[in-house]
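Reading the structure
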Amino acid sequence: MTTASVMRFAILQFPASNCDQDCVHALRVLGSQAKLVWHKDTSLGEVDAVIVPGGFSYGDALRCGAIARFSPVMQAVSRFADNGGLVLGICNGFQILCEAGLLPGALIRNRDLRFHCEQVFLKTANFETPFTSEVRRDGVPIRIPIAHGEGCYFADAPTLDRLQAQRQILWQYCDASGAVTEAANPNGSVLNIAGIANERFNVAGLMPHPDRAVEGILGTEDGRGILNSMILALESRRASAVAVA
Amino acid sequence: MKAKLVITPKKAVLDPQGKTVANALEHMGYAGVTGVRVGKYIEIDLAPGTSATDAHKALNEAALRFLSNPVIEDYRLEIVE
């Protein structure tokens, strides 16, 4: 395998993104290349994957992610996704991808109207995706921090049926034992949804921050599984010489 | 000339703000309140002489694409002199 080649990530940078450097750092820790791409850029350059990072793009004016989705760089991201490129949205990045229509549903105000900044447990609901293949499969939930005020996932009933039928729900909030319970739901998300993928499984988003969970000094390394899944998926794509424009 | 846009959360969408306000009204003794939805109001100034029909058409589009999110919100648009 040509695993010696390093994967190149583009990390988008909007006004008031604040996890862009965290993403760059996390990916470098994992041995990948990461470069920042300014929101006014119309091209992503030569990259293998895109991460839309957390923050408060445009001060969350109107709705979270509503303005960022119209940035010039998002057109490049849409084209990249249409061509099968891997795109991950984290926190505000998840909100932006939903607003852009690259993922179904929307993220609204937390049920208790409070900002939640804490460690949560996540059950991985589908391991057969480029975002989850390397996540531990021993039944132990992963522990990753959240930091959001608008993380309550909503989609209408037909959309939820589709998400379930096609196994597009990737992560659900759960308790320490892995049980998906109402008490373990920090924000009121339907079906305890913490993260989903699109129908093609090349675009995913989640409210928790894998980028803040790759080094033991920060309390958990469980974010590695998610980012390493992307890296492995890219390596096998490159190995089978499938070019992603 | 102005456009007035009233945006409200869809019925199926959880509206914790509305619920909190409804509870507060009840505690304050305002009887007969059976539900509260908290939304947004957007007022847009339009150049004098703008055609109301054109403004309605353009802002309807803007409301669907950007000013509201049809996944979670309904809106009502009104053009006034």
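Residues numbered from 1 in each chain as written. Chains lettered and ligands numbered in written order. Predicted model: local features only at pLDDT ≥ 70, side-chain atom pairs only at ≥ 80, totals over all residues.

Let us now look at the overall build of chain B. Looking only at helices and strands, chain B features two helices and three strands. The secondary structure elements of chain B, listed N-terminal to C-terminal, are β-α-β-α-β. Expressed along its principal axes, the backbone C-alpha trace of chain B runs to roughly 50 × 25 × 15 Å. Residues classed as buried in chain B amount to 11% of the 81 residues present. Sequence-distant contacts, at least 24 apart, represent 66% of the contacts inside chain B between residues at least 6 apart. (Helix = DSSP H or I, 4+ residues; strand = E, 2+ residues; numbered from the N terminus. Buried ≥ 20, exposed ≤ 12 C-beta atoms within 10 Å, placed from the backbone. Contact = placed C-beta atoms within 7 Å.)

Moving on to the sheet that holds strand β2 (residues 40-45) of chain B. Each strand in a sheet pairs with its neighbour through backbone hydrogen bonds, running either in the same direction (parallel) or in the opposite one (antiparallel). Residue and element names in this part refer to chain B. With antiparallel pairing, the three strands of this open sheet are ordered in space as β2-β1-β3. Both outer strands of the open sheet, β2 and β3 (73-80), are each paired with one neighbouring strand and no more. Put simply, the sheet's adjacent strands are angled 15° from each other on average, direction ignored. Running over the sheet, helix α2 (residues 52-67) touches β1 (2-9), β2 and β3 and is turned about 160° from β3. (Pairing = 2+ DSSP bridges. Axes fitted to C-alpha atoms, helices over the stretch in contact; angles between N-to-C directions.)

Below, the discussion takes up the sheet that holds strand β3 (residues 49-52) of chain A. All names here are of chain A. As summarised here, the arrangement of the nine strands in space is β2-β1-β3-β4-β11-β10-β9-β6-β7, forming an open sheet in which the pairing is mixed. The strands lining the two open edges of the sheet, one partner per strand, are β2 (33-38) and β7 (142-148). The mean angle between the axes of side-by-side strands here comes to 25°, regardless of whether they run parallel or antiparallel. Both strand β1 (residues 8-13) and β2 contribute to a ladder of six bridges, which runs parallel. Looking at β2, one finds that I11 is bridged to L36. The strands touched by helix α2 (residues 72-82) within the sheet are β1, β2, β3, β4 (86-90) and β11 (203-206), with β4 carrying the most contacts at an inclination of about 130°.

Taken together, the contact between chain A and chain B spans 14 residues of the former and 10 residues of the latter. Looking at the side of chain A that touches chain B, the elements with two or more residues in it are β5 (106-108) and β8 (152-154) of chain A. Here the residues of the side of chain A that touches chain B sort into six nonpolar, two polar and six charged. (Nonpolar A, V, L, I, M, F, W, Y, C, P; charged D, E, K, R; others polar.)

In terms of nonpolar packing, the biggest core is built from 81 residues, with A:V50 and A:V87 touching the most fellow members. In contact with A:V50, not counting residues within four places along its chain, are A:A10, A:L12, A:L44, A:V77, A:F80, A:G85 and A:V87. (Core = buried A, V, L, I, M, F, W, Y, C linked by C-beta atoms within 7 Å.)

Another aspect to go through is the environment of B:S51. Residues and elements named next belong to chain B. With respect to the element layout, S51 can be found in the loop between β2 and α2. By the C-beta count within 10 Å, which is 12 here, S51 ends up exposed. The sequence separation of S51 and L14 amounts to 37 residues, and the corresponding C-alpha distance is 37 Å.

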